[in-house]
Amino acid sequence: MKAKQDTKTIVKFRANGDMGNFYGLLHGGELFKMMDTIAGVCTRRFCSNKTLTKAVNNLTFNAPTKLGEIIKITAIIDYVGKTSMECFVRAKVEGTDIIKASGYFTMVSVSEDGESEIVNEKIEYVTDEDKMYRDLAIERRKIYKEVNLLQQNYKL
Ligand SMILES: CC(=O)SCCNC(=O)CCNC(=O)[C@H](O)C(C)(C)COP(=O)(O)OP(=O)(O)OC[C@H]1O[C@@H](n2cnc3c(N)ncnc32)[C@H](O)[C@@H]1OP(=O)(O)O
């Protein structure tokens, strides 16, 4: 059993010149990649198993990032399911409260062969806030599944 706060994983990186888009700003895909990587580190540390990204929900880019800025990414696990863990990931400018992006990353515990496996670790939800975020994650999951079904049936 691990306390939710102990799942918190923080990484900082500089938006380098080779990460730019046509407008001279940090490419959203580069920021997403860093957030995805941190969600992977956070969940791998938690469950001591390989994890793969199953879904990214409500990823929002709140403000553009200038090249040269230092970004602090924080990931924390809100909810542990059967084979998955939902991580909230947020990117801020280092030393400020300026949010650049945030989203919910669902990571699945997998075997070396890439088959999903039961998460053999539990979270201790200590505070009322921990429990509230867990309950919200459970509610969100129902919506994700409905939306995903719509995506699969989209006539394209
Ligand atoms: C860090 C990286 O770069 S990873 C690279 C990108 N990711 C990948 O290539 C992964 C590709 N996908 C896969 O290989 C497979 O889908 C797997 C192995 C991850 C999962 O396969 P399955 O177990 O068959 O998926 P399944 O549909 O049962 O869902 C697994 C879990 O995700 C949850 N889930 C499924 N869809 C969603 C969704 N849209 N949103 C949130 N959670 C979801 C399920 O509820 C389930 O959780 P639970 O076991 O805790 O209840």
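Here the structure is shown first, and the text comes after it.
Keep in mind that this is a model prediction, so the values were computed, not measured.

1. Observations concerning the sheet that holds strand E4 (residues 70–80)
Argument step 1. Strand order in the open sheet made by the five strands is E2-E4-E5-E6-E3, with antiparallel pairing throughout. Two strands close off the open sheet at either side, each with one partner strand: strand E2 (9–14) and strand E3 (50–61). For this sheet, the mean angle separating the axes of adjacent strands, direction not counted, is 25 degrees.
Argument step 2. Examined bridge by bridge, E4 and strand E5 (residues 84–93) share nine bridges and lie antiparallel to one another. In the sheet register, Val-80 faces E5, and the bridge partner there is Met-85.
Argument step 3. Lying over the sheet, helix H1 (residues 28–47) contacts E2, E3, E4, E5 and strand E6 (99–110), oriented at roughly 45 degrees with respect to E6.
Argument step 4. Packing of helix H2 (residues 128–153) onto the sheet brings it into contact with E3, E4, E5 and E6, and relative to E4 it is tilted by some 85 degrees.

2. Things to note about the packing of aromatic side chains
Argument step 1. This structure, assessed with the given rule, holds two aromatic pairs.
Argument step 2. With 5.4 Å between their ring centres and 45 degrees between their planes, Phe-88 and Tyr-104 make a pair best called tilted. Taken together, the residues Phe-88 in strand E5 and Tyr-104 in strand E6 connect sequence positions 16 residues apart.
Argument step 3. The partly exposed category is assigned to Phe-88, whose relative accessible area is 22%.
Argument step 4. Residue class for Tyr-104 comes out buried when judged on its relative accessible area of 19%.
Argument step 5. The ring of Tyr-125 has Arg-134 lying over it, and the distance from NZ or CZ to the ring centre is 4.9 Å.
Argument step 6. Across the ring face of Tyr-104, the terminal group of Arg-140 is positioned such that the distance to the ring centre comes to 3.6 Å.

3. What about the site of the ligand?
Argument step 1. Lining the immediate surroundings of the ligand are 18 residues, of which Lys-82, Thr-83, Ser-84, Ser-116 and Lys-145 lie closest.
Argument step 2. Residue Lys-54 places a side-chain N or O atom 2.9 Å away from an oxygen atom belonging to the ligand.
Argument step 3. In the model, an oxygen atom of the ligand is placed 2.7 Å from a nitrogen or oxygen of the Ser-116 side chain.
Argument step 4. Across the complex, the protein chains shield 61% of the 1,000 Å² of accessible surface that the ligand would expose by itself.
Argument step 5. Listing elements by their share of the shell around the ligand, those giving two or more residues are E3, E6 and H2.
Argument step 6. Broken down by element, the residue count for the shell around the ligand peaks at five residues, all from E3.
Argument step 7. Residue composition of the shell around the ligand, grouped by class: five nonpolar, eight polar and five charged.

Cut-off values and rules
Residues numbered from 1 in each chain as written. Predicted model: local features only at pLDDT ≥ 70, side-chain atom pairs only at ≥ 80, totals over all residues. Heavy atoms only, no water. Pairing = 2+ DSSP bridges. Helix = DSSP H or I, 4+ residues; strand = E, 2+ residues; numbered from the N terminus. Axes fitted to C-alpha atoms, helices over the stretch in contact; angles between N-to-C directions. Contact = heavy atoms within 4.5 Å. Phe/Tyr/Trp six-rings, centres within 6.5 Å; stacked < 30°, edge-to-face > 60°. Buried < 20%, exposed > 50% of the residue type's maximum accessible area, 1.4 Å probe, protein only. Lys NZ or Arg CZ within 6 Å of the ring centre and 35° of its normal. Near = heavy atom within 4 Å. Polar contact = N/O pair within 3.5 Å; in protein donor to acceptor, adjacent residues only side chain to side chain. Areas by Shrake-Rupley, 256 points an atom, 1.4 Å probe, with all protein chains shown as cover. Nonpolar A, V, L, I, M, F, W, Y, C, P; charged D, E, K, R; others polar.

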